[in-house]
Amino acid sequence: MFVEVAVNLPHVHGTFDYHVPEELQSRITIGQLITVPFGSRQAQAIIVAQRAHSEIRDTRPVEDLLDPTPVINTAQLALAEWIASTYHASLIDCLTLMLPPGLSQKTDAIYHLSDAESTGDSAIQDRILNLLKRRGNLRGRQLNRALPHRNWRPAMDSLVRRGIIERKSILDAPRIQPKFVRTARLALAPQTALERVAKIGRLGSLAHQRRVCMIEILIAEGEPLEAQWLYAECGGSLSDLRVLEEHDLIALSAAEVWRDPLEELEFVPTEAPALTPDQDHVWDQIRAEIQSDPKTRKPFLLHGVTGAGKTEIYLRSVEQTLEQGLSAVVLVPEIALTPQTVRRFLARFPGRVGLNHSQLSDGERFDTWRRCRSGDINLMIGPRSALFMPLHHLGLIVVDESHDESYKEQARSPRYQTRDVAIRYSHMTNAVCILGSATPDITSSYAADQKHLQRLALPKRIMGHRRRISAQAQRLGLDIRYQEQQGDSLSIELPPVRIIDMRQELQAGNRSIFSRALTRALAETLDAGQQAILFLNRRGSSTYIFCRDCGWVARCRRCDSSLTHHENDDRWHCHHCGAVSDSLEVCPDCSSPRVRRFGIGTQKVQSEVEQLFPGARTLRWDRDSTRAKGAHEIILAHFAAHRADVLIGTQMLAKGLDLPLVTLVGVISADVGLNLPDYRAPERTFQVLTQVAGRAGRGLLGGSVVLQSFQPDHYAIQSAAQHNYHGFYQRELKLRQQLGYPPYARLVRMVYRHPTNHRAKAETERMATLLGEVTKDLDHKVEMIGPAPCFFERVRGLYRWHIILRGSNPSEILPADIPEGWGVDIDPVSLL
């Protein structure tokens, strides 16, 4: 028997054949995690195929089976193979998307000093020998820590060749393991246990009281209890339990427990509300698809304005899917949206929901993955990683806010688009796929026009049940502007948007970051005891520090990106690579003391609000304020409970939040990012402005939006202010066709990174020459743009040059083996 495996080692691509020893043959199957020899190392690998013969003459044996249960199921393997071929990635990189963090084992070596009398030929060899003499056997990672910033490996190789040191390849243990807790159970009849415990120790002593308490609680509960629970109830420690065990009163053991991130999440069970006619029409089509022949299914594009009731459609789709014995996954673009979404689904499907995202601990993610694999969870919620959980019999994939850029992996290989992967996975598993958005991306809308997706519409915002809403409005003395009655519900108009020309504000002498209109609106909102959101569109812009005399700009030494200043920290920060440097009082170029900050950040907005309105309670919601685990949920919970009056934040505020007390949304800088050298800049601006405007007026009190701009006549800003998706889509589509951009062509972006600019430029020019030769032999046109430096030319100490390929299928001219240093992005969402 032979197996084909993907080896989990850095920079090792492709698959390899191994033969299976006879003692393992009855236990081996596809998708299992095994260990194999690879070169001089031991490595972890995943079985991707099994066969009776191999074309390789001298195969090496599989060493061990790490887990009898496959870590990858057949559907996941097929999906990983598709991702690898589509996005030009290695198969192992695609397979590890589907494994929990901490499960992978890294290869290391252990070094043993075999000749303690020998000396080295260099200072570094002497240091290595002295370390081994003093500390004994050491692993490679221990030597890395003991010899920081030193390339000790060539010296070590020489010592190994001379026989002075022995080296053995080993696999580190997995970083994460199942969690076990100590439990105690009664070992005797209750009355006998009480009689015996009374005779242990000095009567009336604290130790005696603790042990009697423990026995009484075990009798009362009638089942094994965690030791920590007994300690909390009775005091004491393990020594008390050991005494009781020695007298045969109790039995101690270990029990596995699940680390469940939803264990303490509070929710109130709810029933499904009545649907509006629009929802009813949409639901009829989705329900028919769920009940139809799986082989004829086509994905849906659900285009619903903010507050139109898309989530209720998702809930009913999940319910119908679970009733058929199938599982479902619901994707959200941001961790920030997860608590609200999870609560709604937990309320409808208690005990059946799993959660997966990067802010959970490795243990929580590992246990959630194992529960999915065993079939204990059949509904998974989370950002894009939730799609790769090992759900059984997948029947539904929902991609909420499907337009969002965070669904595209941009940082590392494979650089996949979750939206496209979800559609492909639904075809593979015969699942129903729903892409939902208030502002669908241009490519998805065009696909619906071409009938590749089924378009569904929810054009009206739902206020609630007619009788209940009318009664509440009358009680509050409110005159609410309704669009029309939707069955038993009322639909309400989207909030009015007022565009403020900031050029006129400057001409009128207003130098504040707030226009006069926004200041008045904030005052009225706060006086009425209502809430406001202030949104800062920071895409492509940041505060920066410069010298007013010579123009010097403070830049990161590793990135060349401008540094920013935080109000509560005297140091300067790089938001590209995270580097921090001490602030300067004088300019390093001209020695001027006039070093100043320019631009607007969330902290600046917060301090301005607090100066204008001293009694206002403010909260910030941005990357800096949400680094800690659970920070998103805490901030949202405080604001939803009206413990703050003004919420100030960036892109996170624009995504799917339902906050009925918010009556005002102020957009500080609507046009930031409009003029970036990226064909998607207008689409990105329209989407974020439309989405953030939708946060206002979702409750009985109504709402309004004030949108500040230096380019008030731009079609993206005008369309967003009018809630006019169709108008924006048609204009943008026409421009894309004229320029030859998606959806009328596909793009591939190749980025080369190197510590020196000269080398980065030379390698990019060499690749451009190679690609140019390939395009000559094609029957159809593939256009090459570049080579050129990237907009962010230097990031994390590396210079970046790129090449853009444009055509009907530009990836076909890519080399089969991409050289080191290159990153390939198929269908990029950003060209910066």
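Along each chain, residues carry numbers from 1 onward, in the same order as the chain's sequence is written. The model is predicted, so local features are restricted to residues of pLDDT at least 70 and side-chain atom pairs to those at 80 or more, both for listing and for counting; the totals for chains, interfaces and linings are taken over all residues. The side-chain numbers reported here are obtained from all heavy atoms of the structure, hydrogens and water having been left aside.

We now examine the packing of aromatic side chains. When two rings of Phe, Tyr or Trp (its six-membered ring) have centres within 6.5 Å they constitute a pair, described as stacked for plane angles under 30 degrees, edge-to-face for angles over 60, and tilted for the intermediate range. Inspection of the entire model under this criterion finds 13 aromatic pairs. Taken together, a centroid distance of 6.1 Å and an interplanar angle of 45° make the contact between Phe686 and Tyr725 tilted. Of this pair, Phe686 sits in helix H21 (residues 681-693) while Tyr725 sits in helix H23 (residues 725-739), placing them 39 residues apart in sequence. Of the two residues, Phe686 and Tyr725, neither departs from the other in class, the shared state being buried. Measuring from centroid to centroid gives 4.3 Å for Phe686 and Phe728, while their planes differ by 5°, and the two rings are stacked. Highlighted residues: Phe686 in helix H21 and Phe728 in helix H23, separated in sequence by 42 residues. Both residues of the pair, Phe686 and Phe728, belong to the buried class. Helix and strand assignments follow DSSP, with helices taken as H or I runs no shorter than four residues and strands as E runs no shorter than two, numbered in order from the N terminus. Here the term buried applies to any residue with accessible area under 20% of the maximum for its type, exposed to any over 50%, and partly exposed to those in between, with areas from a 1.4 Å probe on protein chains only.

Turning our attention to the side chain of Thr525. As for its placement among the helices and strands, Thr525 is situated in helix H18 (residues 516-527). With a relative accessible area of 6%, Thr525 lands in the buried category. A polar atom in the side chain of Thr525 sits 2.8 Å from the backbone oxygen of Ala521. Leave out the neighbours within four places in its chain, and Thr525 touches Gln530, Gln531, Ala532, Thr663 and Leu664. Any pair of nitrogen or oxygen atoms within 3.5 Å is treated as a polar contact; in protein, a donor-acceptor pairing is required on top of that, and neighbouring residues in sequence qualify only through side-chain atoms on both sides. In this analysis, two residues are considered to be in contact whenever any of their non-hydrogen atoms come within 4.5 Å of each other.

Right, let's talk about H21 for a bit. When the terminal C-alpha atoms of H21 are compared, their 18 Å separation across 13 residues agrees well with the 18 Å that a helix rising 1.5 Å per residue should span. When you tally the buried positions in H21, you get 13 out of 13 residues, the bulk of the element. Here the expected length of a helix is defined as 1.5 Å per residue gap, with one fewer gap than residues.

A few words on the packing of helix H7 (residues 206-221) against helix H9 (residues 238-246). For every element, the axis is a line fit to its C-alpha atoms; helices are fit only across the contacting stretch, and the angle between N-to-C directions ranges from 0 to 180 degrees. With their axes 10 Å apart at the nearest point, H7 and H9 run at an angle of 70° to one another. Taken together, the axis directions place H7 and H9 in an arrangement best described as roughly perpendicular. Taking contact as the criterion, the partners of Ala207, Arg210, Arg211, Met214 and Ile215 in H7 are, on H9, Asp240, Leu241, Val243 and Leu244. Just so you know the grouping, Ala, Val, Leu, Ile, Met, Phe, Trp, Tyr, Cys and Pro go in nonpolar, Asp, Glu, Lys and Arg go in charged, and all remaining residues, Gly too, go in polar. Looking at the contact of H7 with H9 residue by residue, the classes come out as six nonpolar, no polar and three charged. Note on terminology: angles under 35 degrees are roughly parallel, angles over 145 are roughly antiparallel, angles of 65 to 115 are roughly perpendicular, and the others are oblique.

Let us now look at the packing of H21 against H23. Interhelical geometry of H21 versus H23 gives an angle of 170° and a closest axis separation of 11 Å. Between H21 and H23, the crossing angle belongs to the class labelled roughly antiparallel. Contact residues: Pro682, Glu683 and Phe686 in H21; Tyr725, Phe728, Glu732 and Arg736 in H23. Split into classes, the residues belonging to the contact of H21 with H23 amount to four nonpolar, no polar and three charged.

In this section: unusual backbone geometry. Of note, the amide linkage connecting Ser413 to Pro414 takes the cis form, showing an omega dihedral of 0°. Relative to the elements of secondary structure, Pro414 occurs in the loop between strand E17 (394-399) and helix H14 (418-429). Phi is positive for Lys451, close to 70°, though the residue is something other than glycine. Take Lys451: it is sitting in the loop between helix H15 (442-449) and strand E19 (454-458). Among the residues examined, Lys451 registers a relative accessible area of 61% and is labelled exposed. Phi is positive for His642, which is not a glycine, with a value near 60°. Position of His642 among the secondary structure elements: in the loop between helix H20 (631-640) and strand E31 (646-649). Assessed through its relative accessible area of 22%, His642 is described here as partly exposed.

Think of a sheet as strands paired side by side through backbone hydrogen bonds, with each pair either parallel or antiparallel. In this scheme, strands are said to pair when DSSP sees at least two bridges between them. The six strands lie next to each other as E5-E2-E1-E4-E3-E6, forming an open sheet whose pairing is mixed. In this open sheet, the two strands that pair with only one neighbour each are strand E5 (60-61) and strand E6 (64-67).

Another point: the sheet that holds strand E23 (residues 497-501). The strand order E23-E33-E32-E24-E31-E30 describes an open sheet built from six strands, whose pairing is parallel. Each edge of the open sheet is held by one strand with a lone partner, namely E23 and strand E30 (618-621). Averaged over all pairs of adjacent strands, the angle between their axes in this sheet comes to 20°, without regard to strand direction. Bridge analysis of E30 against E31 gives four bridges, and the strand direction is parallel. Counterpart to Leu619 in the pairing with E31 is Leu647. Across the sheet, helix H19 (residues 602-612) lies against strand E24 (531-535), E30 and E31, angled at about 170° from E30, the strand it touches most. The strands that H21 touches are E23, E24, strand E32 (662-667) and strand E33 (704-709); relative to E32, the one it contacts most, it runs at about 155°.

With respect to the helices and strands, the residue Gly363 is situated in helix H13 (residues 362-374). Sequence-wise, Gly363 and Lys179 are 184 residues apart; in three dimensions their C-alpha atoms are separated by 7.9 Å.

A few words now on the pattern of salt bridges. Here a salt bridge means any side-chain nitrogen of Lys or Arg lying within 4 Å of a carboxyl oxygen belonging to Asp or Glu. The full count for this structure, using the stated rule, is 32 salt bridges. In this structure, Arg162 engages Asp121 in a salt bridge whose closest nitrogen and oxygen atoms are separated by 2.9 Å. A residue pair is termed long-range when its members are at least 10 positions apart, and Arg162 in the loop between helix H5 (153-161) and strand E9 (165-171) and Asp121 in the loop between strand E7 (107-113) and helix H3 (123-135) qualify at 41 residues. Exposure remark for Arg162: the relative accessible area of 39% places this residue in the partly exposed category. The salt bridge partner of Arg211 is Asp240, with a shortest N-O separation of 3.2 Å. With a gap of 29 residues between them, Arg211 in helix H7 and Asp240 in helix H9 connect regions that are remote in the sequence. Residues Arg211 and Asp240 agree in their burial class; the two are buried. One salt-bridge network, held together by shared partners, links Glu405, Asp678, Arg680, Glu683, Arg684, Glu732 and Arg736.

Take the state of the cysteines next. To count as a disulfide, a pair of cysteine sulfur atoms needs to be within 2.5 Å. Scanning all chains against the criterion turns up one disulfide. Here Cys213 connects covalently by a disulfide to Cys234, the sulfurs 2.2 Å from one another. When the S-S torsion is -70°, as for the bridge of Cys213 with Cys234, the disulfide is left-handed. Highlighted residues: Cys213 in helix H7 and Cys234 in helix H8 (residues 227-234), separated in sequence by 21 residues.

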